[in-house]
Amino acid sequence: MGLLMHHLSDEYSKVADLVYLKQFEIDPRLETEYNDYRKKRMYEDILHNLSFLEVAHRLNDDKLFVDYAIWLFKLMVNLLKDLGPKRVEEQMVLHYEILKEALKNTLGQDDFFNVEKLLNHAIDATKRVDLNEESSNFMHGKYGIYRQNYLNYLLDSNSIGAVNYIKNLASLELSIEEIYIDILQVVMIEIGNLWHRSIITVDQEHYMTSITQVVLSQFYTQIFETKKIGRKILSCGIGGELHEMGVRMLSDLFEFHGWDSIYLGAAIPKFAILTSIEANQPDLVALSVTMPQHLLECREIVDAIKNRFPNQKIAVGGRAFQMTDKVWKKWPVDVSVNDAKELVEWANQVFKDQ
C-alpha cells in the first residue's frame, strides 16, 4: 500500500513510529523473525491498520474494524507461515495493545473511549478466528462449474480460452445479468480470496482483472444496442484507488436495461462529480467504494451532492459498504445494494411511474 492510501489525521499518523519501535522493544523475537522486507511491510501495515481504525471510529462502526481484524489475521497467517498461527496471534494482540497505549496520549477522552472499544473487540475477534472455516460460496449452485472453469483458464494464463469460454456461455442462453453477476463478479471475489490466502500473486490478480475487463467488452455491442427508456445514470468509483470492475459492470447493466450511462471511471474528485451532475442532470448517481479508507471521502461527496442538488437520487455500494454495519443508513442516500442487478431492479421500480 502506498502512503497516499492512508489519509491519516495528525492524531493517528504521529503514533506510527512509536508503535513500530514499541513492538520491537516489547517483542524482541521480531528481530530474528523479520527480515528487512518484512520490517518495511510491517511499518506500512501499521499505517494501514491506523487508517482502518480511524475510519471505523469516525464512522462509529464497530463491524468495520472487527471484520478488518479478522481479514488481517488470516492474511498474516498466510504470509507468515513459518511462524504459525499462535505466534501471529501473539503479535496481533500485542499490536492492538500498543495501539491503545499510543493513542491514549493523542486522542481526547471520548474519542479514546470509542477507539479502545474497537481495539478490544478486534483482540477478542482475533482470538476467536476459526482458520478452518469455509465461507466461500464459489462452487455453490448452478453457476459453480462455470465459475471454476473460467477461473481455471485465468490460473493457466490462457487469455483466449478465458474470453472464448465466457462468449460460449452466452450462446447457452445465459443472460448478461447471470454472466456479469453470478459468474464474473463471484470469480473476481474469489480471485481476491486467492490473493488473500497467498495462492496467487498480485501480478496474477492484476492479469486476471485485465482479462475480465476484456471479457466484459465482448458484450458491448449487445449492451449499447438496447432501446433507451429516457433515464440516465451517472456512476463512478470514489477514492485514490483503481478498483473499478464493480462500477463498470453496474454501468453496463444499466445501459443494457435502456438507461444512458455516464461512467466517469475511478478516482474521480468531488468537484468533477459535481460538475458532471450539473452538465448531465442524471436521474440517479451511483457511487462505489472498494477500500473502506475512502468511505469518509464518499460521505463528503454525498453531502456535497445533496447540498447542491437536494432532489438528486443517490445510490452507494461496493465492498467497503458490505464491511460496515449499514453505515449508509446514516447518510442522505436513497439505497445501497449488494450487486448491480439489485440496483437496476430498484431503480426501474422507483422511476417506473415518474
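Structure first, text after, so check above.
Residues numbered from 1 in each chain as written. Predicted model: local features only at pLDDT ≥ 70, side-chain atom pairs only at ≥ 80, totals over all residues. Heavy atoms only, no water.

When you go through the chain residue by residue, the secondary structure sums to 17 helices and five strands. Taken over the C-alpha atoms alone, the chain extends approximately 65 × 50 × 30 Å along its principal axes. Sorting the 354 residues of the chain into buried and exposed places 52% on the buried side. The long-range fraction of contacts in the chain, counting pairs at least 24 apart against all pairs at least 6 apart in sequence, stands at 75%. For the chain, the exposed area adds up to about 17,200 Å²; of that, 50% sits on carbon and sulfur atoms. Charged side chains in the chain number 38 positive and 51 negative. The centres of these two groups are separated by 2 Å. (Helix = DSSP H or I, 4+ residues; strand = E, 2+ residues; numbered from the N terminus. Buried < 20%, exposed > 50% of the residue type's maximum accessible area, 1.4 Å probe, protein only. Contact = heavy atoms within 4.5 Å. Areas by Shrake-Rupley, 256 points an atom, 1.4 Å probe, with all protein chains shown as cover. Lys, Arg positive; Asp, Glu negative; His and termini not counted. Charge placed at Lys NZ, Arg CZ, Asp CG, Glu CD.)

Scanning all chains against the criterion turns up 20 salt bridges. Among the ionic pairs, Glu-31 bridges to Lys-39, the shortest N-O distance being 2.8 Å. In this structure, the salt-bridge partner of Arg-87 is Glu-33, at a minimum N-O distance of 2.9 Å. In this pair, Arg-87 is assigned in helix α6 (residues 85-104) and Glu-33 in helix α3 (residues 30-33), connecting sequence segments 54 residues apart. You'll find Arg-87 and Glu-33 in the same group, each marked buried. Linked through salt bridges whose partners overlap, the residues forming this network are Asp-27, Arg-29, Glu-33, Arg-87 and Glu-90. (Salt bridge = Lys/Arg side-chain N within 4 Å of Asp/Glu carboxyl O.)

The next point concerns the nonpolar core. Formed by 73 residues in total, the largest nonpolar core has its most connected members in Phe-65, Tyr-96, Leu-287 and Ile-305. Apart from residues lying up to four places away in sequence, Ile-305 is in contact with Ile-273, Leu-274, Ile-277, Val-285, Leu-287, Pro-310, Gln-312 and Ile-314. (Core = buried A, V, L, I, M, F, W, Y, C linked by side-chain atoms within 4.5 Å.)

Before going further, it helps to spend a moment on the packing of helix α4 (residues 36-59) against α6. Angle between the axes and distance between the axes: these two values describe a pair of packed helices. Two elements in contact, α4 and α6, have axes whose closest approach is 12 Å; the angle formed by their N-to-C orientations is 65 degrees. As the angle between them shows, α4 and α6 are arranged roughly perpendicular. As for how α4 packs across α6, the hand of that crossing is right-handed. Packed against α4, whose contacting residues are Ile-46, Asn-49, Leu-50 and Leu-53, the element α6 presents His-95, Leu-99 and Leu-103 at the interface. (Axes fitted to C-alpha atoms, helices over the stretch in contact; angles between N-to-C directions. Parallel < 35°, antiparallel > 145°, perpendicular 65-115°, else oblique. Left-handed = near helix turned anticlockwise from the far one by under 90°.)

What follows concerns the sheet that holds strand β5 (residues 335-336). With respect to topology, five strands assemble into an open sheet ordered β2-β1-β3-β4-β5, the strand pairing being parallel. Here the strands that pair on one side only, and so sit at the sheet edges, are β2 (260-263) and β5. One ladder, built from four bridges, connects strand β1 (residues 232-237) with β2; its direction is parallel. Within β2, the position partnered with Leu-234 by the bridge is Ile-262. Sitting on the sheet, helix α13 (residues 245-256) is in contact with β1, β2 and β3 (284-288), with an inclination near 170 degrees to β1. Helix α17 (residues 340-350) rests against β3, β4 (313-317) and β5 of the sheet, and its axis sits at about 160 degrees to β3. (Pairing = 2+ DSSP bridges.)

Moving on: the side chain of Thr-126. Examined against the element boundaries, Thr-126 turns out to sit in helix α7 (residues 109-128). Reaching out from Thr-126, the side chain makes a polar contact with the backbone oxygen of Ala-122 at a distance of 2.8 Å. When sequence neighbours within four positions are dropped, the list of residues in contact with Thr-126 reads Ala-69, Phe-73, Glu-89, Met-92 and Tyr-96. (Polar contact = N/O pair within 3.5 Å; in protein donor to acceptor, adjacent residues only side chain to side chain.)

The subject of this paragraph is the packing of aromatic side chains. Summed over all chains, the structure comprises 13 aromatic pairs. Judged by centre distance (5.6 Å) and plane angle (40 degrees), the ring pair of Tyr-153 and Tyr-165 falls under tilted. Taken together, the residues span a long stretch of sequence, with Tyr-153 in helix α8 (residues 144-155) and Tyr-165 in helix α9 (residues 159-170) at a distance of twelve residues. Its relative accessible area of 13% is what places Tyr-165 among the buried residues. Between Phe-254 and Trp-259 the ring centres are 5.1 Å apart and the planes differ by 85 degrees, which places this aromatic pair in the edge-to-face class. Here Phe-254 falls in the buried class, since its relative accessible area comes to 0%. (Phe/Tyr/Trp six-rings, centres within 6.5 Å; stacked < 30°, edge-to-face > 60°.)

With twelve residues, α13 extends 16 Å from end C-alpha to end C-alpha; this agrees with the ideal 16 Å at 1.5 Å per step. Within α13, ten of the twelve residues are buried, which leaves it mostly tucked inside the rest of the structure. Positive backbone phi, at 95 degrees, marks Gly-258, one or two positions downstream of α13. (Expected span 1.5 Å × (residues − 1).)

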